[in-house]
Structure formats: C-alpha cells, structure tokens
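Okay, here's what each chain looks like letter by letter:
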Amino acid sequence: MTLGRLPAGLPARTDRQCKIKGTRADEAEDAPMCQATLRTGRLRLVPLSEEHLEYEVELDADPEVMRYLGDGRARSREDVERRHQHRLAAAKRVVGLGFWVGFVDGQFVGWWILEPPERANQGPIDGQAELGYRLLRRYWRKGLASEGARELVRHGFEDLGLTRIFAETMTVNAASRATMTAVGLQHVRTFHTHWDEPISGSELGEVEYAISREQWLAR
Ligand SMILES: CC(C)(COP(=O)(O)OP(=O)(O)OC[C@H]1O[C@@H](n2cnc3c(N)ncnc32)[C@H](O)[C@@H]1OP(=O)(O)O)[C@@H](O)C(=O)NCCC(=O)NCCS
C-alpha cells in the first residue's frame, strides 16, 4: 500500500515504503504516516507511537542503560514523558525517518532511530540521518542492536535514498562504538562538547562514525 501524495523532492523509493495510517493490523493506529514497519530475522521494528511510552519509561529507568547518555543518570517518568513527545515529533521532520520500537516474539527489546541531524555542525539535513539504539539490559550482547541497526542502514540507503548515515557516542561507550563498526560505520572524528554536568569519561570526548551510500553499496 502506498501513499499517493508526498512532499516534492523525495526519492521515488520512499513512496513505496509509505503505509496509510492504520491499514495494517500489526501497525499501531497512531503510527506516523510514511514510516515503514521493518523486519529482520528476529526483530519487528515498529514506528514509535503513543502506546509505547511505558517501554521507554522502563528503558530509561535503568542507570546502566543511561550510563553514557545525557547526565548519565536514570530518568524519571516525567522526564521520559516529555522526551517521548520529542521522539514522536522526530517522525514529522523528514518523511520516512524517526524512532522504531523493536520486538522479539512480541516482547519489547529496545528502540532504534534514524533521524535527521539536529545540530548545525552535523551537516545538512538533506540526504543525511543519524543512527542510534538503546536496548533493555537483559537483551544486550545477543546481536540485536546490530541486527536492527543493519536493517535501518539498509532501509535508509535502499528505500529512503539517503546519501550518508552517521552516529555519535561518547568515546568511552565501547558497546555503542562496536555496534557502529559491526554495521559498517567508520570512525570520522573525535570532538569535544561542553556539558553543564560532565559525566565520567566525557573528558575523552565524543566520536562520530559514518558510512556513505557509496561505501554501503561497495561493502
Ligand atoms: C549499545 C547497545 C545498544 C549495544 O547493544 P547489543 O545488542 O549488546 O549489541 P550487539 O549484541 O548487536 O553487539 C554489536 C557489537 O558490539 C559488541 N559489543 C556489545 N557490547 C559490548 C561491550 N560492552 N564492549 C565491547 N563490545 C561490545 C559486540 O561484541 C558486537 O561486536 P561484533 O559484531 O564485532 O561481535 C547496548 O549496549 C545499549 O543499549 N547500551 C545502552 C544505551 C547506549 O549507550 N546506546 C548507545 C548510545 S550512542
């Protein structure tokens, strides 16, 4: 099922990935228009919607999950509720991009993102997207983050016509860096950001990894 009307300038392939809201039984009623539901061997990746808030609350309540994120502390429900709205809004900025919630055998395991750059120093919005992932601790080291990320990279280049996918993390976040490498991204730069409440390891800065469409096609 495709959506007929899309903003001008979108790659033709995007159109084929767009679903009309609520037309598939496995899609949430309020799933963002034009964000595809994706599948891998184990994962079903569903566009983030209102009904997923409780999963996000559980995820962000684990201090180990949050260790290298934000102020490095677990987040309150109120904070997650606010961020949930911001996450939903990501799907409205560029057609096809946004947050995906991942399920294995119907169980929530975490979320993945492919979203447009937010900061001026991340380069142009056109053709670019930032990759990210956050999984419940009990699902770590089972190859799930990389399995979902690999599918998002494929989706970004093959279906959405992106030209570059990048990811950022703290230099000390070994798991995140290894996942970037596992899906084909390469280290581009190390940079330093000012933090009001620096967490341990922030003195070593952050890293950007990336892969271009050409590199992905040649892999
Ligand atoms: C980062 C994260 C998503 C990785 O999830 P995961 O499902 O365990 O990752 P995978 O099992 O797919 O592993 C991918 C690669 O990372 C490696 N890896 C995973 N955890 C690692 C760790 N703690 N240290 C070193 N390497 C690690 C794996 O061995 C694998 O490498 P390989 O393909 O060469 O074997 C998970 O640790 C997490 O949710 N962390 C908290 C949130 C976070 O920091 N997100 C990133 C923000 S930028």
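What comes next is a walk through the structure. Fair warning: this is a prediction, and the values are worked out from it, not measured in the lab.

Scanning the chain for helices and strands turns up six helices and eight strands. Starting at the N terminus and walking to the C terminus, you meet the elements of the chain as α-β-β-α-α-β-β-β-α-β-α-β-β-α. The buried share among the 219 residues of the chain stands at 34%. A separation of at least 24 residues holds for 57% of the contacts in the chain among residues at least 6 apart in sequence.

Looking now at the site of the ligand. Taken together, 22 residues lie near the ligand, and Ala145, Ser146, Ala175, Ala178 and Ala182 sit nearest. Of all the secondary structure elements, the ones that give two or more residues to the shell around the ligand are strand S5 (128-135), helix H4 (144-159) and helix H5 (174-182). Residues that form the shell around the ligand fall into these classes: 12 nonpolar, seven polar and three charged.

With that settled, the discussion passes to unusual backbone geometry. Not every positive phi belongs to a glycine, and aspartate 105 is a case in point at roughly 50 degrees. Tracing the backbone through its elements, the reader meets aspartate 105 in the loop between strand S3 (98-104) and strand S4 (107-115). Residue aspartate 105 is classed as exposed on the basis of its 8 C-beta neighbours within 10 Å. Despite not being glycine, arginine 141 shows a phi value in the positive range, around 60 degrees. When you line up the elements, arginine 141 lands in the loop between S5 and H4.

What follows covers the packing of helix H2 (residues 53-60) against helix H3 (residues 77-93). For the pair H2 and H3, the least separation of the axes is 9 Å and the interaxial angle reads 125 degrees. By the angle between their directions, the pair H2 and H3 is classed as oblique. Crossing angle aside, the handedness with which H2 passes H3 is right-handed. Residues Leu53, Glu56, Val57 and Asp60 of H2 pack against Arg77, Val80, Glu81 and His84 of H3. A per-class count over the contact of H2 with H3 returns three nonpolar, one polar and four charged.

Okay, the environment of isoleucine 199 next. Here isoleucine 199 is to be found in the loop between strand S7 (186-191) and strand S8 (206-212). On a C-alpha basis, the gap between isoleucine 199 and aspartate 71 in space is 6.3 Å, while along the polypeptide they are 128 residues apart. Beyond its immediate stretch of four places on either side in the chain, isoleucine 199 contacts Asp71 and Gly72.

This brings us to the pairing of strand S6 (residues 164-170). In this structure, S5 lies alongside S6, joined through three bridges in parallel fashion. Its bridge partner being in S6, glutamine 128 is matched across the sheet by arginine 164. Read as a crossover between parallel neighbours, the route from S5 over H4 to S6 is right-handed. Bridge count for S6 against S8 is seven bridges, and the pairing is antiparallel. Along S8, the bridge assignment pairs isoleucine 165 with isoleucine 211.

A few words on the nonpolar core. For soluble globular proteins, the rule of thumb is that nonpolar side chains tend to be buried together. Core analysis: the largest hydrophobic core is formed by 44 residues, its most contacted members being Trp100, Trp112, Leu131, Ala149 and Val153. Top element by residues in this core is H4. It accounts for six residues. Once residues lying within four places of it in the same chain are set aside, the contact partners of alanine 149 are Trp112, Leu131, Tyr133, Thr179 and Val183.

This paragraph deals with H2. What H2 keeps buried is the set Tyr55, Glu56, Leu59 and Asp60. Looking straight down H2, one finds its buried side chains confined to an arc of 120 degrees; they lie on one side. Of the surrounding secondary structure, the elements contacted by the buried residues of H2 are H3, S3, S4 and S5.

Taken in spatial order, the eight strands make up an open sheet running S1-S2-S3-S4-S5-S6-S8-S7, and their pairing is mixed. Bordering the open sheet on either side are strand S1 (38-39) and S7, each of which pairs with just one other strand. Bridge count for S1 against strand S2 (residues 43-47) is two bridges, and the pairing is antiparallel. Counterpart to arginine 39 in the pairing with S2 is arginine 44. H3 rests against S2, S3 and S4 of the sheet, and its axis sits at about 115 degrees to S3. Those strands touched by H5 are S5, S6 and S8, and its axis lies near 160 degrees from that of S6.

Reading the values: the criteria
Residues numbered from 1 in each chain as written. Predicted model: local features only at pLDDT ≥ 70, side-chain atom pairs only at ≥ 80, totals over all residues. Helix = DSSP H or I, 4+ residues; strand = E, 2+ residues; numbered from the N terminus. Buried ≥ 20, exposed ≤ 12 C-beta atoms within 10 Å, placed from the backbone. Contact = placed C-beta atoms within 7 Å. Near = placed C-beta within 6 Å. Nonpolar A, V, L, I, M, F, W, Y, C, P; charged D, E, K, R; others polar. Axes fitted to C-alpha atoms, helices over the stretch in contact; angles between N-to-C directions. Parallel < 35°, antiparallel > 145°, perpendicular 65-115°, else oblique. Left-handed = near helix turned anticlockwise from the far one by under 90°. Pairing = 2+ DSSP bridges. Right-handed = clockwise from strand over helix to strand, strands pointing away. Core = buried A, V, L, I, M, F, W, Y, C linked by C-beta atoms within 7 Å. Arc of directions from axis to C-beta.

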